[in-house]
Amino acid sequence: MRVVETVADLRRLLAGAPRPVGFVPTMGYLHQGHMSLVARARSESATVVLSIFVNPTQFGPNEDLDRYPRDVPRDLRMSDEGGVDVVFAPGASEVYPRQHRTFVEVKGLQDRWEGASRPEHFRGVATVVTLLFRMLQPDRAYFGEKDYQQLQIVRRLTEDLRLDVEIVGCPTIREPDGLACSSRNVYLRPDERQRAPALHRALESAQKALHAGVRRGTMLRDVMTSVIEQTSGATLDYAAVVDPETLEPVESVDHEARALIAVHLGNLHLIDNAPLIPPHK
Ligand code: PAF
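Draft legend 1. Inspection of the sheet that holds strand 7 (residues 234-242) at higher detail. If you walk across this open sheet you meet the 3 strands as 7-8-9, and the pairing is antiparallel. Looking at which strands have only one partner, the edges of the open sheet turn out to be strand 7 and strand 9 (268-276). Here the strands of the sheet are splayed against their neighbours by 15° on average, with no regard to which way each runs. One ladder, built from 8 bridges, connects strand 7 with strand 8 (residues 257-265); its direction is antiparallel. When the sheet's bridge partners are listed, Ala-239 is paired in strand 8 with Ile-261. Contacts from helix 9 (residues 198-211) reach strand 8 and strand 9, with the element oriented near 25° to strand 9. Helix-sheet contacts for helix 10 (residues 217-229) involve strand 7, strand 8 and strand 9, and the interaxial angle to strand 7 is about 160°.

The structure is reproduced here in structure tokens:
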């Protein structure tokens with residue numbers, strides 16, 4: 001496995017690399033969710049590239065950029081074991097050599113849900129993903145469904161800007177009790193960790209209600225809300241039943257929809273989502 005820190009070295013290395021090139025973008029502090037993306041990339045690429053870059057432009061002024069968990073030596077070991085060929089780990093000045101003035105925005109998709117409480121977050125994500133795609137020119141890129149809104153935004157920007165990268169969405173990896181894997185889970189205190197699977201339970205309750213015949217989006221949303229209301233220490237940020245592409249709320253789940261949920265637990269903001277597939281009539 002090779003580790004490179006500059007775009008020039010990356011380009012040199014990838015110029016002769018066998019294709020297809022599969023790309024797994026990350027902010028490091030790898031967990032089983034990331035490793036599932038690596039495994040999928042490994043199974044269908046001749047060259048696998050993983051990036052580690054804690055992207056400053058997707059953090060708001062009061063967010064956790066400085067204390068975002070980092071452990072590069074461990075990330076490198078895990079990448080090597082997972083069969084990654086190249087790790088790209090640039091510094092901030094390599095990605096943003098001077099004050100950045102050009103940003104990618106995905107209107108409509110970026111403003112709701114996570115975007116409502118983190119106004120510049122998706123602009124930062126869309127910008128860095130576009131930059132990384134330009135630097136690497138991968139054939140495919142792998143993103144977890146855990147960050148469902150991010151996945152839809154990346155799909156849309158790739159299409160709109162005709163970036164010629166196939167976006168592969170991969171299922172959320174969960175702890176045995178249902179909590180979705182996330183680098184930020186290390187922040188959970190033991191009592192919070194115990195309550196955190198409430199998000200998954202709320203999503204499962206919505207799925208069960210759908211299978212029991214409840215189709216109305218608002219009713220399914222209320223099913224999720226009541227699970228969180230019964231969880232001490234948790235406050236709901238939003239629960240919603242949305243169109244899987246536009247992320248607009250749906251009135252009735254007559255075709256596949258997506259349930260989204262976000263909860264505050266202590267100082268933490270946890271998100272999760274799940275498909276809502278109506279049973280055949
Ligand atoms: O999902 C993440 O870890 C980040 O948002 C990404 C896609 C690597 C962009 O910084």
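Draft legend 2. Here's a closer look at the sheet that holds strand 4 (residues 86-88). Taken in spatial order, the 6 strands line up as 1-4-3-2-5-6 in an open sheet, and their pairing is parallel. This sheet does not close on itself; its edge strands, each paired only once, are strand 1 (2-4) and strand 6 (166-170). Each strand of the sheet is rotated relative to its neighbour by a mean of 25°, with strand direction disregarded. Inspection of the sheet shows strand 2 (residues 21-26) paired to strand 3 (residues 47-52) by 6 bridges, in the parallel sense. If you follow Phe-23 over to strand 3, its bridge partner there is Val-49. The sheet contacts of helix 6 (residues 121-136) involve strand 2, strand 3, strand 4, strand 5 (140-144) and strand 6, and relative to strand 2 the element is tilted by about 145°. Each of strand 5 and strand 6 is contacted by helix 7 (residues 148-160), which is oriented at about 170° to strand 6, the strand it contacts most.

Draft legend 3. Examining helix 7 more closely. The end-to-end C-alpha separation of helix 7 is 18 Å, in line with the 18 Å expected for 13 residues at 1.5 Å each. Among the residues of helix 7, Tyr-148, Gln-149, Gln-150, Leu-151, Gln-152, Ile-153, Val-154, Leu-157 and Thr-158 are the ones counted as buried. Note on helix 7: the residue one or two positions beyond its end, Arg-162, has a positive phi of about 50°.

Draft legend 4. Region of the structure containing the site of the ligand. Taken together, the neighbourhood of the ligand is formed by Pro-25, Thr-26, Met-27, Asn-55, Gln-58, Val-128, Phe-143 and Gln-150. Burial of the ligand by the protein chains amounts to 89% of its free accessible area of 280 Å².

Draft legend 5. Just the environment of Asp-164, in detail. Position of Asp-164 relative to the elements: it lies in the loop between helix 7 and strand 6. Sequence separation between Asp-164 and Phe-133 is 31 residues; the distance between their C-alpha atoms is 9.4 Å.

Draft legend 6. Examining the nonpolar core more closely. Within the largest apolar cluster, 44 residues are counted, with the highest numbers of intra-cluster contacts made by Leu-10, Phe-88, Phe-133, Met-135, Phe-143 and Ile-167. Listed by contribution, the elements that provide at least two residues to this core are helix 1 (7-15), strand 2, strand 4, helix 6, strand 5, helix 7, strand 7 and strand 8. It is helix 6 that provides the largest number of residues to this core, a total of 10 residues. Discounting residues that sit within four places of it in the chain, Phe-133 has contacts with Phe-23, Pro-138, Ala-141, Phe-143, Val-154, Thr-158, Leu-163, Val-165 and Ile-167. One finds Ala-206, Ile-228, Ala-259 and Leu-270 within the second-largest nonpolar core, a separate group that totals 28 residues.

Cut-off values and rules
- Residues numbered from 1 in each chain as written.
- Predicted model: local features only at pLDDT ≥ 70, side-chain atom pairs only at ≥ 80, totals over all residues.
- Heavy atoms only, no water.
- Pairing = 2+ DSSP bridges.
- Helix = DSSP H or I, 4+ residues; strand = E, 2+ residues; numbered from the N terminus.
- Axes fitted to C-alpha atoms, helices over the stretch in contact; angles between N-to-C directions.
- Contact = heavy atoms within 4.5 Å.
- Expected span 1.5 Å × (residues − 1).
- Buried < 20%, exposed > 50% of the residue type's maximum accessible area, 1.4 Å probe, protein only.
- Near = heavy atom within 4 Å.
- Areas by Shrake-Rupley, 256 points an atom, 1.4 Å probe, with all protein chains shown as cover.
- Core = buried A, V, L, I, M, F, W, Y, C linked by side-chain atoms within 4.5 Å.

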